[in-house]
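Descriptive analysis of the structure
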Amino acid sequence: ALNYIQPTDYIVNSTKYNDGYKTPVLTAGKSFIIGYTNETNNIFDQLPAIIFDDFTSSIQFVNFKFKVKSSAMKILVPTSSSVDIKYIYYFMKTLRVNTGTHKRYWISLFSKLPIKIAPLSEQRLIVAKIEELFSDLDNAIENLKKVQEQLKTYQQAVLKYSFEGKWKKVPMQSISEAFGGCAFKSTDFKESGPYQVIRIGNVRQGAMRLNISPVFLDMVEQKIIDKYLLKPGDIVISLTGTRKKRDYGYTTIVKEDNLLLNQRLARIRFNEECLPKFFLYYSWTQLFKDSFFASETGNVGQGNVGMKAIQYTEMPLPSIQEQQKIIQAIESRLSVCDKMQESIDENLQKDEALRQSILKQAFEGKLTEQWRETHKDLISGENSAEALLKKLKTEEETLLVRSKGKNRYD
């Protein structure tokens, strides 16, 4: 069904790519278009074609003129006009072959695999049905991603609304004690031990990721434990990241014991005037982030915020009773967001499996309207983008109504 063409004549001479150039340079991997060249000689134009990575068996369908990056691929074209190359392309995507051995796979394996070639008209009908369902799936996934973005906007609206009260503002150093972590020596780190060292990679917004590259210490001086041992209820904040990217300043609350604080992180421990969770949620607002990153320093891409930026930052301070009401109101709304996010994540994770289901049934002659009925939950069910968006709008309307009322947290 397919002939192969060696790519040697079509390899780009210069890798000085520029988006202003016309001819794409391709690889069969996920990156696909790796750049554009201004070279005009030896451009592949026998289209459409399939490019096949000879070492990984990754494939891409191509219907535009191109050059290639290297010789580690085959360019595949149909053997005759009675073969629809897209039909072959979709069939190849159903193949699951072990490519763990480092060798070239087209001639040794794939070229010998059998394929049933239906009449050309039927091939085209199968391709059309696959692409119709893929289009449905693409739209559903795109809409879910839009809801995901709107969910982030709603979460910020919840936080903004929750801290708009006319309360007094105080510098954080008046209600908390903050200090930076210890510059532990990486040569002392162990794979296990009684104390886990918390590093920047372990801290994300609202999450202490203890399973991310964990390191431990087994022999620790008491004076180090006294100063750097975290306590449940402490807030940890990251102080280093990429300059102007705001990819740090993450905060989370400590729930576990036997954690030691590493450098470029800070621990904030509040007194009885402020509930740790109250600050935690405040630290997720744009108001706090704007204040925090206003003190950013650094060069060559690395950004840093020092301890003074935390100590002198002002934050709202209502009574403990009001703080508790605010925390409850935030958590009630964010729990709705979490459930919606779970539904979105679950559906997004189904994407590749659903595509494989479509392809499998297509080549088994079973691709009918039953596929839509089986998977209607993604397209139009209670976890579809349309249903989630409707629910989110209801939450937004409720928030708007309450924001105009006098009793914000009752």
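Here the structure is a predicted model, which is why all the values come from computation and not from measurement.

**Some thoughts on the sheet that holds strand β4 (residues 49-53)**
A sheet is described by the order of its strands in space; here 4 strands give the open sequence β1-β7-β4-β5, paired in antiparallel fashion. Either end of the sheet is taken by a strand with one partner, and the two such strands are β1 (2-5) and β5 (59-62). Pairwise comparison of adjacent strand axes, ignoring direction, gives a mean angle of 30 degrees for this sheet. Pairing of β4 with strand β7 (residues 73-78) involves 4 bridges; the strand directions are antiparallel. Within β7, the position partnered with Ile-51 by the bridge is Ile-75. Helix α1 (residues 85-92) rests against β1, β4, β5 and β7 of the sheet, and its axis sits at about 160 degrees to β5.

**Here's the deal with the packing of aromatic side chains**
Applying the stated criterion across every chain yields a total of 22 aromatic pairs. On the basis of an interplanar angle of 85 degrees and a centroid distance of 5.6 Å, the ring pair of Phe-279 and Phe-288 is categorised as edge-to-face. Overall, Phe-279 belongs to the buried group, its relative accessible area being 0%. Residue classification places Phe-288 among the buried positions, given a relative accessible area of 2%. An aromatic cluster of three or more residues is present, and its members are Phe-163, Tyr-248, Phe-270, Phe-278, Phe-279, Tyr-282, Phe-288, Phe-292 and Phe-293. Seen from the ring of Phe-134, Arg-355 lies directly overhead, with NZ or CZ sitting 5.2 Å from the centre.

Thresholds applied
- Counting restarts for each chain, with residues numbered from 1 along the sequence as it is written.
- The predicted origin of the model limits local features to residues at a pLDDT of at least 70 and limits the giving and counting of side-chain atom pairs to 80 or more, whereas totals for whole chains, interfaces and linings rest on all residues.
- For side-chain calculations, the full set of non-hydrogen atoms in the structure is used, while hydrogens and water are omitted.
- DSSP-based pairing: two strands are paired if at least 2 bridges between them are found.
- Helix and strand assignments come from DSSP, with helices taken as H or I runs of at least 4 residues and strands as E runs of at least 2, each series counted from the N terminus.
- Whenever a helix is involved, its axis is fitted only over the stretch in contact; in every case the axis is a line through C-alpha atoms, and angles between N-to-C directions fall within 0 to 180 degrees.
- When checking whether two residues touch, look at their non-hydrogen atoms; a contact exists if any pair is within 4.5 Å.
- Each pair of aromatic rings taken from Phe, Tyr and Trp, with Trp reduced to its six-membered ring, is defined by centres within 6.5 Å and is described as stacked if the planes are under 30 degrees apart, edge-to-face if over 60, and tilted in the remaining cases.
- We call a residue buried when its accessible area falls under 20% of the maximum for its residue type, exposed when it is over 50%, and partly exposed in between, using a 1.4 Å probe and counting protein chains only.
- As a reminder, the over-ring test applies to NZ of lysine and CZ of arginine, requiring each to be within 6 Å of the ring centre and within 35 degrees of the ring normal.

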